[in-house]
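Coordinates in review
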Amino acid sequence: QQPVQSPQAVILREGEDAVINCSSSKALYSVHWYRQKHGEAPVFLMILLKGGEQKGHDKISASFNEKKQQSSLYLTASQLSYSGTYFCGTGIQSRGKLIFGQGTELSVKP
Amino acid sequence: GAVVSQHPSRVICKSGTSVKIECRSLDFQATTMFWYRQFPKKSLMLMATSNEGSKATYEQGVEKDKFLINHASLTLSTLTVTSAHPEDSSFYICSASTGLAGNQPQHFGDGTRLSIL
């Protein structure tokens, strides 16, 4: 079953923060986050595994709440380059496929 | 590192033609490759999962005889859309992963935009 992302779209000014959420109705093994710019391939951001963890690099970080089967992606001090559509991909097995959410369109304005 | 090359990037052809799309991992061995279909402003819809040397696993609703997948080596998978029709027009993207796909990132190709006239 497809995970649900929220919000569907968000518009920011440079320097503002944003949170994108991803919720699943199934018990998750992993949550992946990707960013896709228009007409381009999705680019891997990070993976979070069950056990509940938080990861980050630069000003983008994420958390995984295993009990709630939810993950959140945090973008702080947003830059113009952060614009794109963010997808979470959820896996229910270690060897399994990913099911992607519907995406969150993020626009960062000057 | 982790570069995936997908070719061709765009195809325009007549109805009834078969189209082959290649997906290559250039600098790593891909145990698993995935094929997705994406409609404009929509999510990535998984079509099938392929492992080197074995038959692909298709998602429910995806016609095996329509979308032929071959994963001949650890660096190459191909998707052939047989007897394509206008409703097959879409953006097709492959991804490749090392080891267990659940805890390894998927590295995506640049996609193939298929237009059937």
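The structure under discussion appears in the preceding block.
The structure contained in this document is the topic of the report that follows. Keep in mind that what you see is a predicted model, and the values were worked out from it rather than measured. (Residues numbered from 1 in each chain as written. Chains lettered and ligands numbered in written order. Predicted model: local features only at pLDDT ≥ 70, side-chain atom pairs only at ≥ 80, totals over all residues. Heavy atoms only, no water.)

As a further point, take the side chain of Ser95 of chain B. Residue and element names in this part refer to chain B. Among the secondary structure elements, Ser95 is positioned in strand S9 (residues 90-97). One polar contact links Ser95 to Gln106, side chain to side chain, over a distance of 2.7 Å. Those residues in contact with Ser95 that sit more than four places away from it in its chain are Thr32, Met33, Phe34, Tyr36, Gln106, His107 and Phe108. (Helix = DSSP H or I, 4+ residues; strand = E, 2+ residues; numbered from the N terminus. Polar contact = N/O pair within 3.5 Å; in protein donor to acceptor, adjacent residues only side chain to side chain. Contact = heavy atoms within 4.5 Å.)

Let us look at the state of the cysteines. All names here are of chain A. Scanning the model with the defined rule gives two disulfides over all chains in all. Here Cys22 connects covalently by a disulfide to Cys88, the sulfurs 2.0 Å from one another. Disulfide Cys22-Cys88: the torsion about the S-S bond is 70°, which places it as right-handed. On the criterion of sequence distance, the pair formed by Cys22 in strand S3 (residues 18-23) and Cys88 in strand S9 (residues 84-91) is long-range, its members being 66 residues apart. Each member of the pair, Cys22 together with Cys88, is buried. (Disulfide = S-S within 2.5 Å. Buried < 20%, exposed > 50% of the residue type's maximum accessible area, 1.4 Å probe, protein only.)

What follows is about the nonpolar core. Residues Trp35, Tyr58, Phe67, Ile69, Leu79, Tyr92 and Leu114 of chain B are the most contacted members of the largest nonpolar core, which totals 25 residues. The set of elements that each furnish at least two residues to this core consists of strand S2 (10-13), strand S3 (19-25), strand S4 (32-38), strand S5 (44-51), strand S7 (67-73), strand S8 (76-81), S9 and strand S11 (112-116) of chain B. Among the nonpolar cores identified, the runner-up in size contains 21 residues, and Trp33, Leu48, Leu73 and Cys88 of chain A belong to it. (Core = buried A, V, L, I, M, F, W, Y, C linked by side-chain atoms within 4.5 Å.)

Residue and element names in this part refer to chain A. Counting through the fold element by element, Gly96 comes out in the loop between S9 and strand S10 (99-100). By relative accessible area, Gly96 is classed as buried at 12%. Along the backbone, Gly96 and Tyr29 are 67 residues apart, and their C-alpha atoms lie at a distance of 9.2 Å.

Turning next to the pattern of salt bridges. Residues and elements named next belong to chain B. In the structure shown here, the tally under the stated rule is three salt bridges over all chains. Arg24 is paired through a salt bridge with Glu22; the nearest N and O atoms lie 3.5 Å apart. Residue Arg24 is classed as partly exposed on the basis of its relative accessible area, which comes to 35%. A salt bridge links Lys66 to Asp88; the nearest nitrogen and oxygen atoms lie 2.8 Å apart. Separated by 22 residues along the polypeptide, Lys66 in the loop between strand S6 (57-58) and S7 and Asp88 in the loop between S8 and S9 bring together distant segments of the chain. We classify Asp88 as buried; its relative accessible area is 5%. (Salt bridge = Lys/Arg side-chain N within 4 Å of Asp/Glu carboxyl O.)

Our next topic: the layout of surface pockets. Put simply, the largest pocket is a space of about 620 Å³. Surrounding the largest pocket, 23 residues form its lining, His38 and Thr85 of chain A together with Pro40, Lys41 and Lys42 of chain B being those nearest its centre. Elements supplying a minimum of two residues to the lining of the largest pocket: S9 and strand S11 (104-109) of chain A together with S9 of chain B. Classifying every residue of the lining of the largest pocket gives six nonpolar, 12 polar and five charged. Roughly 270 Å³ of volume is contained in the second largest pocket. Lining of the second largest pocket is provided by 16 residues; of these, Ile92, Gln93, Gly96, Lys97 and Ile99 of chain A occupy positions nearest its centre. Broken down by secondary-structure element, the contributors of at least two residues to the lining of the second largest pocket are S9 of chain A together with S5 of chain B. Residues of the lining of the second largest pocket, tallied by class, amount to three nonpolar, nine polar and four charged. (1 Å grid on protein atoms, 1.4 Å probe; cavity = no way out; pocket = protein on both sides within 12 Å on 5 of 7 lines; lining within 4 Å. Points joined across faces, edges and corners; volume = space filled by probe spheres on them. Nonpolar A, V, L, I, M, F, W, Y, C, P; charged D, E, K, R; others polar.)

Moving on, we get to the interface of chain A and chain B. Opposite the 21 residues of chain A that make contact, chain B presents 21 residues. At the boundary of chain A with chain B, total buried surface from both sides reaches about 1700 Å², with 59% on carbon and sulfur atoms. The largest share of the area that chain A buries against chain B comes from Pro42, Lys97 and Phe100 of chain A, three residues that together contribute 27% of it. The partner of Glu59 of chain B in a salt bridge is Lys97 of chain A, and the shortest N-O contact between them spans 2.8 Å. At the boundary of chain A and chain B, one finds four residue pairs in polar contact (both at pLDDT 80 or more). Elements that contribute at least two residues to the side of chain A that touches chain B include exactly strand S4 (30-36) and strand S5 (43-49) of chain A. Residue contributions to the side of chain A that touches chain B peak at four residues, all from S4 of chain A. When the residues that make up the side of chain A that touches chain B are grouped by side-chain class, the tally is 10 nonpolar, nine polar and two charged. (Buried area = accessible area lost by both parts, 1.4 Å probe.)

All quantities given are derived from atomic positions and should not be read as evidence of function.
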